[in-house]
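Remarks on the overall topology
Residue-level listing of the chains:
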Amino acid sequence: MEKLPFRTFVGVDWGDREHQVCAVVEDKPRQRRFEHSGGGIAALVSWLMDLCARHSDEVAIAIETPHGVLVDALLEHGFAVFAINPKQLDRFRDRFSVAGAKDDRRDALVLASSLRTDPHAFRRLSPENPLILQLREFTRAYRNLEKENRRLSNQLRAQLNRFFPQVLRLSKAADEPWVWSLLERFPSPNKIRHAHHRSVERILREHRISRVTAVEALAILKSPPLPVTEGVVEAATQHVALLLPRLRLVSQQRRHCEQHMARLVNKVAEAEDAQPGPKHEHRDVEILLSQPGVGDIVAATVLAEAYQPLVQRNYHALRTSGGIAPVTRQTGSSHTVGMRYACNQYLRQAFHWWGSSVCFHETRARTLYKAHREKGQSHARAVRAVMDRKLNILVACLEGGHLYQADYASQERP
């Protein structure tokens, strides 16, 4: 086992209000508690500097979270910071108490001691690239806005089912802006009854809808309405009027996120040229975007959530952090292989979108997908098998510095 070149080992049990810190110096633990504030973090850094006689490169710090203001402050002052999964920390805790006792002081001591004895279980952190930090915030905000859009669309759909289901024959999910404009202009069956086809045609033209004509839309909307009790139409119409502005706001914010993510991805690509080291013919961002099934949103999410594994060309880290690598459990005659749940959920979703898309656009991926489906595996399991191969190819392209080509698809990593 590799021995870390540090003299002081520190465990930080971080919290929203206070941080419990344990520093092990020459086998003697020293405990302190600091507030989660500007002054508290400054006092923590000053205390650590005094312990190591201003030699911050001799201090190794273990913490459960890989990011945050505390991690940034420690990295900025030259300390070596290592992260560990809370579930792993729970296993290390059993070394110190068979009764399952738990408190902040004990957790800080467990972190410091475990880093000294089992460094291979920790992951060393490095300062965040400011562009990647911004990109991560926008990709996660975009994901949250998608959830909000789906939630509001489902509410709108439920209200339309109460009194105006004809609209859902034009848009099943009721999540299209032209449908919202239509409902703002004609909010109920009574209003649409007197509508002229030119008014509907104007809405369709503004939103560039060509799959249905104004005459066809009116024929559907003017079909016999549902027989509802008195007051239902008025109540549901008012509810729809409250939902539409919120749907438009979420849609506008999603477009803003998409545009900002595209600009940040371009900046990341341009920043690659300024980095020292050998230059490849193609940038990493270009290579990622050249992969079949990768669009702007998937590329932005993969860069934001897996930038370090991409830079390191670490195929195993990519498939593990994205939930592609399965979990094997074997004991005696029992042997099971299951889905990996402990992973980055944002990256898992991006890989699922990527795999689902490539299955419909590439013959070899579609063949592999069908082969797994014929074995009785689920859609998600078959997509993960396709993505395992795609990540293999991506890393091979990154190592070779070339864009994706079908001829290279067979040149996979062992």
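Here's what I pulled together on the structure shown here. It should be emphasised that the depicted structure is a prediction, and the values quoted were computed from it without experimental measurement. (Residues numbered from 1 in each chain as written. Predicted model: local features only at pLDDT ≥ 70, side-chain atom pairs only at ≥ 80, totals over all residues. Heavy atoms only, no water.)

Turning our attention to the environment of Gly-11. Relative to the helices and strands, Gly-11 resides in strand β1 (residues 8–13). Sequence spacing of Gly-11 and Asp-90 is 79 residues, and the spatial spacing of their C-alpha atoms is 14 Å. Non-local contacts of Gly-11, meaning those with residues more than four positions away in its chain, are made with Gln-20, Val-21, Cys-22, Ala-62, Ala-108, Leu-111 and Ala-112. (Helix = DSSP H or I, 4+ residues; strand = E, 2+ residues; numbered from the N terminus. Contact = heavy atoms within 4.5 Å.)

Next up on the list: the sheet that holds strand β6 (residues 123–124). Taking strand neighbours across the sheet as the criterion, the six strands line up as β3-β2-β1-β4-β5-β6 in an open arrangement whose pairing is mixed. Whereas interior strands pair on both sides, the edge strands pair on one side only; in this sheet they are β3 (28–35) and β6. Where strand β5 (residues 80–83) lies against β6, two bridges are found, and the strand directions are antiparallel. Of the residues in β6, the one forming a bridge with Phe-82 is Arg-124. Along the sheet, helix α4 (residues 104–117) contacts β1, β2 (18–25), β3, β4 (59–63) and β5; its crossing angle with β1, the most-contacted strand, is approximately 140 degrees. (Pairing = 2+ DSSP bridges. Axes fitted to C-alpha atoms, helices over the stretch in contact; angles between N-to-C directions.)

Right, let's talk about the pairing of β5 for a bit. Along any regular strand, the residues point their side chains to alternate faces of the sheet. Burial along β5 is two-sided: the residues Ala-80 and Phe-82 and Val-81 and Ala-83 are all buried. Crossover β4 to β5 through helix α2 (residues 69–76) is right-handed. (Buried < 20%, exposed > 50% of the residue type's maximum accessible area, 1.4 Å probe, protein only. Right-handed = clockwise from strand over helix to strand, strands pointing away.)

On to the environment of Thr-117, then. Here Thr-117 is to be found in helix α4. Thr-117 gets classed as partly exposed once you look at its relative accessible area, which sits at 36%. Within the local environment of Thr-117, its side chain forms a polar contact with the side chain of Asp-118, the two groups lying 2.8 Å apart. (Polar contact = N/O pair within 3.5 Å; in protein donor to acceptor, adjacent residues only side chain to side chain.)

Turning our attention to a positive patch on the surface. Judged by side-chain charge, Arg-185, Lys-191, Arg-202 and Arg-205 come together as a positively charged surface patch. As for its position among the elements, Arg-202 is in helix α8 (residues 197–206). Arg-202 gets classed as partly exposed once you look at its relative accessible area, which sits at 42%. (Patch = residues over 30% accessible without salt bridge, like charges linked within 9 Å, V, L, I, M, F, W, Y side chains within 5 Å. Areas by Shrake-Rupley, 256 points an atom, 1.4 Å probe, with all protein chains shown as cover. Salt bridge = Lys/Arg side-chain N within 4 Å of Asp/Glu carboxyl O. Lys, Arg positive; Asp, Glu negative; His and termini not counted. Charge placed at Lys NZ, Arg CZ, Asp CG, Glu CD.)

A few words on the environment of Arg-32. Relative to the assigned elements, Arg-32 resides in strand β3. Taking the C-alpha atoms as reference points, Arg-32 and Ala-108, 76 residues apart in sequence, are found 9.9 Å from one another. In contact with Arg-32, not counting residues within four places along its chain, are His-19, Gln-20, Val-21 and Trp-47.

At a closest axis distance of 9 Å, the pairing of helix α12 (residues 296–305) and helix α15 (residues 345–358) adopts a crossing angle of 145 degrees. The handedness of the crossing between α12 and α15 comes out as left-handed. Contacts between α12 and α15 involve Ile-297, Val-298, Thr-301, Val-302 and Glu-305 on the former and, on the latter, Tyr-346, Leu-347, Ala-350, Phe-351, Trp-353 and Trp-354. In terms of residue class, the contact of α12 with α15 is built from nine nonpolar, one polar and one charged. (Left-handed = near helix turned anticlockwise from the far one by under 90°. Nonpolar A, V, L, I, M, F, W, Y, C, P; charged D, E, K, R; others polar.)

Take helix α9 (residues 214–221) next. All buried positions along α9 are accounted for by Ala-214, Ala-217, Leu-218, Ile-220 and Leu-221. End-on view of α9: buried residues confined to an arc of 160 degrees, all on one side of the axis. Turned more than 90 degrees off the buried face of α9, the exposed positions are Val-215 and Ala-219. Looking at the packing, one finds that the buried side of α9 touches α6 (177–185), α7 (189–193) and α8. (Arc of directions from axis to C-beta.)

This paragraph deals with the packing of helix α16 (residues 363–374) against helix α17 (residues 379–400). Close contact between α16 and α17 brings their axes to 9 Å; oriented N to C, the two are set at 140 degrees. Regarding the angle of α16 to α17, the classification is oblique. For the crossing formed where α16 meets α17, the hand is right-handed. Every residue of α17 that contacts α16 at Arg-364, Ala-365, Leu-368, Tyr-369, His-372 and Arg-373 is listed here: His-379, Arg-381, Ala-382, Val-383, Ala-385, Val-386, Arg-389 and Lys-390. Here the residues of the contact of α16 with α17 are counted per class, giving seven nonpolar, two polar and five charged. (Parallel < 35°, antiparallel > 145°, perpendicular 65-115°, else oblique.)

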